[in-house]
Amino acid sequence: MSFSLFSLTIYFIIAAIGFMMGYLFKHAKTSAETFSPNPKIVLKIYMLSFVVALVTTYALSYFATHSLVTSASPEEGDINYHNERSLMIFALNFFFFILVFLSNFYSQSVRKLTPIPYLLTFLFYAIFILKDTYYVSGYYLIWQDSLQLLKGEIPDFEATGWVKCLLGFNVTAFNAFMIWWGFRK
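As a starting point, this report considers the structure included with it. Position numbers for residues start from 1 in each chain and track the written sequence from start to end. Residues qualify for local features only when their pLDDT is at least 70, as the model is predicted, and side-chain atom pairs are given and counted only at 80 or more; totals for whole chains, interfaces and linings, by contrast, use all residues. To obtain the side-chain values, all non-hydrogen atoms of the structure were included, while hydrogens and water were left out.

Counting residues in each nonpolar core, the largest one holds 24 residues, and the members touching the most others are I14, L92, F96, L99, F124 and Y125. For this core, the secondary-structure elements that each account for two or more residues are α1 (5-27), α2 (39-70), α3 (74-110), α4 (115-146) and α5 (157-183). Ranked by the residues each element gives to this core, the list is headed by α3, at 9 residues. Those residues in contact with F124 that sit more than four places away from it in its chain are F50, A53, L54, T57, L92, F95, F96 and L99. What we call a nonpolar core is a set of buried Ala, Val, Leu, Ile, Met, Phe, Trp, Tyr and Cys residues that are connected through their side-chain atoms within 4.5 Å. Categorising residues by exposure relies on relative accessible area from a 1.4 Å probe, with only protein chains included: less than 20% of the type maximum marks a residue as buried, more than 50% marks it as exposed, and the intermediate range marks it as partly exposed. A64, L68, V136 and Y140 belong to the second largest nonpolar core, which has 6 residues in total. The secondary structure listing takes helices from DSSP runs of H or I that are at least 4 residues long and strands from runs of E that are at least 2 residues long, numbered from the N terminus. Contacts are assigned to residue pairs that have any heavy atoms within 4.5 Å of one another.

This is the structure we're talking about:
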C-alpha cells in the first residue's frame with residue numbers, strides 16, 4: 001500500500017488547522033465578533049468552492065482516462081495518464097483542504113457546529129478517491145493489460161483507496177470535533 005507524501009501532508013495540515021481553529025476559538029480573550037463574517041457569505045463561498053471542486057476534479061479524472069486512448073503511442077499515453085492523474089490527485093487534496101477549512105469557518109460564523117458542510121466535504125473526497133480507486137486506476141490496468149504492458153504484480157488500489165477514505169473521514173471528523181469543542185467554553 002502506497003501513499004503519496006503530499007496526501008499525508010495534507011491530512012496533517014488539515015488536522016492541525018482544525019486543532020488551531022478550535023483551540024483559538026475556545027481560548028480567545030478578545031471579542032470574537034471581529035472575526036465573525038456573515039454566515040450567508042461564507043455559505044455562498046463554500047457552495048461555490050464545492051461546485052468548482054466537483055467540476056474540476058471530475059474533468060481531471062475524465063482527462064486522465066481519456067489521455068490513454070487519444071495518445072499516439074503507449075509510452076505517450078502512459079506519460080499523459082500519469083501527468084493528468086497526478087494533477088487530479090493534487091486538485092482533490094487541495095479542494096479537500098479548502099472545503100474542510102470553509103466548513104470550519106462556516107461553523108464558527110454561525111457559532112454552532114453545522115454537520116452538513118463536513119458531510120458534503122467528506123462525500124466529495126470519498127467519491128473521488130473511490131472513483132480513482134475503482135475507475136481511473138482500474139481503467140489504466142485494463143489499458144495496460146490490453147497492450148500487454150502489465151509487468152509484475154498488480155498494485156492493490158482497493159486497499160489504498162479505502163484507507164484514504166478512512167483517513168479523510170477521521171480528519172474531517174476531527175475538525176468537526178475540534179470546532180464543537182471550541183464552542184464549549
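Angles shown run from 0 to 180 degrees and are taken between the N-to-C directions of axes, each axis being a line fitted to C-alpha atoms and, for helices, limited to the stretch in contact. For the pair α3 and α4, interaxial distance at closest approach is 9 Å and the crossing angle is 170°. As far as their axial angle goes, α4 and α3 are roughly antiparallel. Each angle receives one of four descriptions, namely roughly parallel if under 35 degrees, roughly antiparallel if over 145, roughly perpendicular if within 65 to 115, and oblique otherwise.

What follows covers α1. The span expected for a helix works out to 1.5 Å for each residue beyond the first. If you check α1, its first and last C-alpha atoms are 33 Å apart, about what 23 residues at 1.5 Å a residue would give, namely 33 Å. Looking only at α1, the buried set comprises S7, I10, Y11, I14, A15, I17, G18, M21, G22, F25 and K26. The elements touched by buried residues of α1 are α3, α4 and α5.

Let's shift gears to the environment of F177. Examined against the element boundaries, F177 turns out to sit in helix α5. It is 32 Å that separates the C-alpha atoms of F177 and L60, two residues lying 117 residues apart in sequence.

As a further point, take the environment of P115. Relative to the assigned elements, P115 resides in helix α4. Here P115 falls in the exposed class, since its relative accessible area comes to 53%. With 97 residues separating them in the primary sequence, P115 and G18 have C-alpha atoms 14 Å apart.

Our focus in this paragraph is α4. The end-to-end C-alpha distance of α4, which contains 32 residues, comes to 45 Å, matching closely the 46 Å that a straight helix rising 1.5 Å per residue would cover. Directly beyond the C-terminal end of α4, a positive phi value near 55° is found at Q148.

This brings us to unusual backbone geometry. You will see that R111, though not glycine, has its phi angle at about 60°, which is positive. Within the element layout of this structure, R111 appears in the loop between α3 and α4.

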